[in-house]
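# Breakdown of the fold
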Amino acid sequence: MEVKTSLLDNMIGVGDMVLLEPLNEDSFIVNLRNRFDHNEIYTYIGSVVISMNPYRSLPIYTPQKVEEYRNRNFYELSPHIYALADEAYRSLRDQDKDQCILITGESGAGKTEASKLVMSYVAAVCGKGQEVNKVKEQLLQSNPVLEAFGNAKTMRNDNSSRFGKYMDIEFDFKGDPLGGVISNYLLEKSRVCKQPRGERNFHIFYQLLSGASDDTLMKLKLDRDFSKYNYLSLDSANVNGLDDAASFRTVRNAMQIVGFMEAEVQSVLELVAAVLKLGNIEFKPESRVNGFDESRVKDKNDLKEMCELLGIEQSVLERAFSYRTVEAKMEKMSTTLNVAQAYYARDALAKNLYSRLFSWLVTRINESIKAQAKTRHKVMGVLDIYGFEIFEVRDNSFEQFIINYCNEKLQQIFIELTLREEQEEYIREDIEWTNIEYFNNAIICDLIENNQNGILAMLDEECLRPGTVTDDTFLDKLNTICAEHQHFESRLNKNSKFLTDHSLPHSCFRIQHYAGKVLYRVEGFVDKNNDLLYRDLSQAMYKATHSLMRQLFPEGNPAKVNLKRPPTAGFQFKASVGVLMKNLQTKNPNYIRCIKPNDKKVAHIFTDSLVCHQVRYLGLVENVRVRRAGYAFRQPYESCLERYKMLCKKTWPHWRGPARDGVEVLLTDCSVPTEEFAYGRSKIFIRNPRTLFTLEERRRACLEDLATLIQKIYRGWKSRTHFLLLKKSQVVVAAWYRRYAQQNKYQKIKSATLVMQSFIRGWKARNILRQLKYEKRCKEAVTTIAAYWHGTQARRELRRLKEEARRKHAVAIIWAYWLGLQVRREYRKFFRANAGKKIYDFTIQRIMQKYFLGLKTTTMSPMDNTWPAKPYGFLEGAHTQLRRIFHLWRCKKYRGQFTEEKKAVYEEKLEASEIFKDKKALYPSSVSQPFKGDYLEIQKNPKYQKLNSAMEEKVLLADLVNKINRANGKGSPRLFLLTKSNFVLADQKTGQVKASVPLPDLASVSVSTQSDGFFALKLKEGSASASKGDFLLSSEHLIEIITKLHRIGTTAADRDQINIDISDEFLVQFKQDKVCVKFIQGGPKNGNSAACKRKNNRLLEVSVPSP
Ligand SMILES: Nc1ncnc2c1ncn2[C@@H]1O[C@H](COP(=O)(O)OP(=O)(O)OP(=O)(O)O)[C@@H](O)[C@H]1O
Ligand SMILES: [Mg+2]
């Protein structure tokens, strides 16, 4: 919730002087002092802000403060310059009204600081953005530049502005700054050449000498020592709290930000240096033949350096300091200058040079900060101009006269605008306008500025008049013309009432300004108004090669010689003030009236007389009177109702109807006299501050009551809440305690009950036990008795039965014996003849039957060797025979299953076994290998097609064998084919038949006893084939080959059986020689196969690996 506050809250004294009661100068100052003592440096007069200079930094300009005052109503918070700035800015932004902020006050009262605070506030609250920030920065940085060149230390202010400044800040429709225009008024240029005691020249001279680098100073031909320059006063060259060197850096930086080029800065510094040099030029008299003294430059060094700096021909300037050309009616005359005139010319040049430089700086800054966009913009003007000046100790001169004239104009516009505003508000609010009595200073303005007989007009007239013109002739003129004027006073006045007034010297006149009387000394008026610079000097300046210099002295251009006199200083000032006033009149004014509390420039001191003096000449009391001439206080109905609604039951706490009705009800209820207020359209107007304070007082009392009520209710609520809390807690505690106590009690009862229960149960159980035991004993006794009884009975019965059985049994036995006897007699009679043989046969038959059935378990496999053991010894021979017969029978059954081929195979295998079993070690490994016969697949393989076709008979065996070479024992592969009638050896690769031997030519076959595959086919001696010799071959299928050879021999009818010779040494006939082939058991290194080696001509050794 937004907290509604008001200026009236926590006020120290009164925040708004309009509410001051009683209103007089004393109460005014007491109020100011009271507030000042409490650090409240701002006080309002309606919308005017009075600002007291605190001479110390107060924590009231922080960003938080800016936020606090931002978008708040003027009277909502305690008085502050930010409230005024905010009001002006919002009115400019939201209502499209151009604003001006007029800051007045005497030197050192804080005008410049106030103007900077306003600018910084506006900069803080207006829009942001890169471009906007740049503009803001340029506007703010123009201040240090102008302050360096236009401010100086004076007795009253260490940073006194020696020029008037009006700055228009331009904004776009959004309220963002676009740029600005600065106007300057009347620079106090006399300060360039001469400063009163305790004061300094403009800051820039000191800043340049202290802050510039050695290099820069050398270029400018300057020396750091202030004492080397006549124009610099020495007694206060160093000011406490001012760091000139640092300021110089700030200024250079500010110039850069504002947009000065480096060359421009350099030019400006050169001109500053030139002014210092100019001050050092001195003159000496030189007598001329005509008896007049002529001035000559004493020491030309400074002149030379200055000329070098500016690019001026030294002789031209030197001449300009000695001669003066006067032109009248096309005639040129040259007159010499005496030393005094030369000094006058020098100082005039320095002053002009500096003031023109200053004006140029303002123009240059304006060029940089001027708004770029041509669109319509809103304007906020800030006027920081010298306040009313009255010197008591020093003479008031032309400058004070001008300044005070300006302040008269400002006062006039103030009165005009305040009244106009007041009147406008009354009309707007539909309140009757009653004429306000106030002092109108138009008459004083007229005295000064009237075109016919105004003081300025007369001064101009005097200056332009031919003949001798002095300040005294000017005073005379004033005395004659203004004599009747009621605000003009002079000793020589025809009005004799001042003839005896000794406070008014003869060379002075006095004007009764609205702020008080001021005594002016006429001395210097004419000269200062003339502001004469000899044309020779301006022409010399124009001749300079320094471009800025030429710009500053355009009248020195010989092509534009103007014989008309330049406008006087007074005239120029009047004109610019006129323009300023016109400008201000179109804007909505906002006033800041600055007051300085003491002359010592220190904090916490409030000098009544000094403040009183300022209050008087700022016309502040008058200001309050004007403000409250009609109604002292006004407030929108809503705020009024909000603030005072607690004073009336009908409006408290809420008023439902329109605010105006609410206020009416409220005021009637409070019995405020009807003449004390008037109802406007949106505001209530209260005539007398007293009425307001009565309302405030009642409100305060009411608030106290309300506060008491709130306090009462709050305390009641708090105590009640506390009590309820305690009560609740007590109930909780009690509940817990009761629970605990009950639990304890319950536990006790429970354990007691258990004890009792156990005792009772025990007793009961024992009772039952006793009962049961008794019953059991009873039962046992009965049983025992019954048992005994039954036993007796049973024994008795048993005895009876035994007796009876004995009797029955004896009968049965006798009967059985009798029957047996009978049967045996019958059996013997019938059976005795052939029973033995039948029983024997039957028994034997049964035994045999059982024996044969027992043999059923044996299998049909010929391999099965099992046979049941013989059961009876008498069956031994039959048992063996039966076994043999059964075996033969099952072998026959087995063989019956064979096909013819299979039969042939087995026959071959059988034959092989007959030949080799137990004779050759190779045999056992061949048993499991079936005899395939054709290992080469000679029928199918197309490779052996030719060989196959060459064979006339069926090939029984075809295999790859190695034919052993006698020469080295190595084998060469041969195809071995066997048919019924011959065997053939053919080449393995070509299939070409190498040898074909008819089987009848084969005598025998030799093989070893070992596991090798070597065999020799020995041919019958004298046969046809024997001529080639025997064949020593080796084959993996040796067993098969030999078996097949043997079998063919066996089955062939036409020849003998082939001999098979099995021994480890045999002879082989190779062509003519017989070679012995010897088989030995070889070592493991020979591998798995047997290797043949020739040992000598007659011996081939075959080593066979051990099995
Ligand atoms: N609001 C302020 N807070 C703190 N110090 C202030 C304030 N206003 C002014 N001062 C002090 O007072 C001095 C003089 O103020 P300022 O230069 O603004 O006076 P001025 O009215 O412009 O004087 P002049 O007419 O000579 O230019 C400042 O240098 C500063 O030290
Ligand atoms: Mg100032």
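See the structure shown above.
Residues numbered from 1 in each chain as written. Chains lettered and ligands numbered in written order. Predicted model: local features only at pLDDT ≥ 70, side-chain atom pairs only at ≥ 80, totals over all residues. Heavy atoms only, no water.

Bringing the overall build of the chain into the picture now. Looking only at helices and strands, one finds 32 helices and 31 strands in the chain. Over its C-alpha trace the chain gives a radius of gyration of 77 Å, far above what one expects of a compact globule, namely 32 Å for 1107 residues. Its C-alpha atoms give the chain principal-axis dimensions of about 220 × 130 × 50 Å. Out of the 1107 residues belonging to the chain, those deemed buried represent 47%. (Helix = DSSP H or I, 4+ residues; strand = E, 2+ residues; numbered from the N terminus. Rg over C-alpha atoms; globule rule 2.2 N^0.38 Å. Buried < 20%, exposed > 50% of the residue type's maximum accessible area, 1.4 Å probe, protein only.)

Another aspect to go through is helix α24 (residues 637-644). For α24, the complete set of buried residues consists of Y637, C640, L641, R643 and Y644. Buried positions in α24, seen along its axis, are confined to an arc of 165° and lie on one side of it. (Arc of directions from axis to C-beta.)

The environment of ligand 1 is made up of 17 residues, and the closest members are S107, K111, T112, S160 and S161. N53 is positioned with one of its side-chain polar atoms (N or O) 2.7 Å from an oxygen atom of ligand 1. E113 has a polar backbone atom sitting 2.9 Å from an oxygen atom of ligand 1. The fraction of the free accessible surface of ligand 1 (620 Å²) that becomes covered by protein chains is 85%. Looking at which element gives the most residues to the shell around ligand 1, the answer is helix α4 (residues 111-125), with three residues. For the shell around ligand 1, the per-class residue count stands at four nonpolar, nine polar and four charged. (Near = heavy atom within 4 Å. Polar contact = N/O pair within 3.5 Å; in protein donor to acceptor, adjacent residues only side chain to side chain. Areas by Shrake-Rupley, 256 points an atom, 1.4 Å probe, with all protein chains shown as cover. Nonpolar A, V, L, I, M, F, W, Y, C, P; charged D, E, K, R; others polar.)

Our next topic: a positive patch on the surface. Taken together, the side chains of R766, R770, K773 and R777 present a region of like positive charge at the surface. Structurally, R770 is set in helix α26 (residues 689-831). (Patch = residues over 30% accessible without salt bridge, like charges linked within 9 Å, V, L, I, M, F, W, Y side chains within 5 Å. Salt bridge = Lys/Arg side-chain N within 4 Å of Asp/Glu carboxyl O. Lys, Arg positive; Asp, Glu negative; His and termini not counted. Charge placed at Lys NZ, Arg CZ, Asp CG, Glu CD.)

Of all hydrophobic cores here, the largest spans 216 residues; its most connected members are F28, F149 and F509. It is helix α13 (residues 339-369) that contributes the most residues to this core, 15 residues altogether. Apart from the residues lying within four places of it in its own chain, the contact partners of F28 are M17, L20, L23, I45, I50, V615, L620, V621 and V624. With 31 residues, the next largest nonpolar core counts F931, L978, F983 and L1019 among its residues. (Core = buried A, V, L, I, M, F, W, Y, C linked by side-chain atoms within 4.5 Å. Contact = heavy atoms within 4.5 Å.)

On to the sheet that holds strand β6 (residues 164-171), then. Spatially, β1-β2-β16-β3-β12-β6-β7 is the arrangement adopted by the seven strands of the open sheet, whose pairing is mixed. Strands with a single pairing partner mark the edges of an open sheet, and in this sheet they are β1 (42-45) and β7 (177-185). Looking at each pair of strands side by side, their axes are set apart by 20° on average, direction ignored. Bridging between β1 and strand β2 (residues 48-52) involves four bridges; their strand directions are antiparallel. Bridge pairing in β2 places T43 opposite I50. (Pairing = 2+ DSSP bridges. Axes fitted to C-alpha atoms, helices over the stretch in contact; angles between N-to-C directions.)

For a metal with four tetrahedral donors the ideal donor-metal-donor angle is 109.5 degrees, whereas six octahedral donors ideally subtend 90 or 180 degrees. Looking at the magnesium ion (ligand 2), the protein donor atoms are T112 (OG1) and S161 (OG), and they sit 1.9 to 2.0 Å from it. Placement of the pair is T112 in helix α4 and S161 in strand β5 (residues 160-161), with a sequence separation of 49 residues. When sorted by exposure, T112 lands in the same class as S161, which is buried. (Donors = N, O, S within 2.8 Å, 3.2 Å for Na, K, Ca; no water.)

Within the element layout of this structure, R1055 appears in the loop between α32 (1038-1051) and β27 (1059-1062). Take R1055: its relative accessible area is 15%, and that puts it in the buried class. Measuring from C-alpha to C-alpha, the distance between R1055 and L999 comes to 8.8 Å, with 56 residues separating the pair along the chain.

What the rule picks out here adds up to 38 aromatic pairs. On the basis of an interplanar angle of 10° and a centroid distance of 5.0 Å, the ring pair of F898 and Y906 is categorised as stacked. Accessibility expressed as a relative area gives 23% for F898, which makes it partly exposed. Three or more aromatic residues joined by ring pairs form one cluster here, namely F398, F401, F474, F488, F509, Y520 and F525. (Phe/Tyr/Trp six-rings, centres within 6.5 Å; stacked < 30°, edge-to-face > 60°.)

What follows deals with helix α17 (residues 471-481). Listed in full, the buried residues belonging to α17 are D471, F474, L475, K477, L478 and N479. The inward-facing, buried residues of α17 contact α16 (455-464), β13 (488-490), β14 (508-513) and α18 (525-530).

Throughout the structure, instances matching the rule amount to 64 salt bridges. Taking the shortest distance from any N to any O, the salt bridge between R465 and E462 comes out at 3.0 Å. Under the relative-accessibility criterion, E462 is labelled buried at 3%. Among the salt bridges present, the one from E664 reaches R660, with a minimum N-O distance of 3.9 Å.

It is worth spelling out a nonpolar patch on the surface at this point. Together, W815, W818, L819 and L821 make up a nonpolar patch on the protein surface, roughly 410 Å² of accessible area in all. Checked against the element boundaries, W815 lands in helix α26.

In spatial order, the strands read β13-β14-β15; together these three strands make up an open sheet with antiparallel pairing. Single-partner strands in this sheet number two, and they are β13 and β15 (516-521). Between one strand and the next, the sheet's axes are offset by a mean angle of 25°, whatever the strand orientation. Sheet analysis places β13 next to β14, joined by three bridges and oriented antiparallel. What sits directly across from F488, in β14, is I511.

Attention shifts here to the pairing of strand β19 (residues 683-686). Burial along β19 is two-sided: the residues K683 and F685 and I684 and I686 are all buried. Relative to β19, strand β18 (residues 677-679) runs antiparallel, the two sharing three bridges. Paired with Y679 across the strands is I684, a residue of β19. Remark: three residues form the turn of the hairpin made by β18 and β19, two consecutive strands paired antiparallel.

For the pair helix α3 (residues 81-95) and α4, interaxial distance at closest approach is 9 Å and the crossing angle is 55°. For the element pair α3 / α4, the angle class is oblique. Helix-helix and strand crossings are classified by hand; for α3 and α4 the assignment is right-handed. Where α3 abuts α4, its residues I81, Y82, A85, D86 and Y89 lie against A114, L117, V118, Y121, V122 and V125. Taken together, the residues of the contact of α3 with α4 break down into ten nonpolar, no polar and one charged. (Parallel < 35°, antiparallel > 145°, perpendicular 65-115°, else oblique. Left-handed = near helix turned anticlockwise from the far one by under 90°.)

Across a regular strand the side chains alternate sides, sitting on one face of the sheet and then on the other. Of all seven residues in strand β3 (residues 99-105), seven are buried, a share of seventy percent or more. Examined bridge by bridge, β3 and strand β12 (residues 378-384) share five bridges and lie parallel to one another. Bridge pairing links C100 to G381 in β12. One ladder, built from seven bridges, connects β3 with strand β16 (residues 588-595); its direction is parallel. Considered in β16, the bridge of I101 is made with N590.

Let us look at the side chain of Q141. Tracing the chain through its elements places Q141 in helix α5 (residues 130-150). Once residues within four sequence positions are removed from consideration, Q141 is found in contact with A254, I257 and V258.

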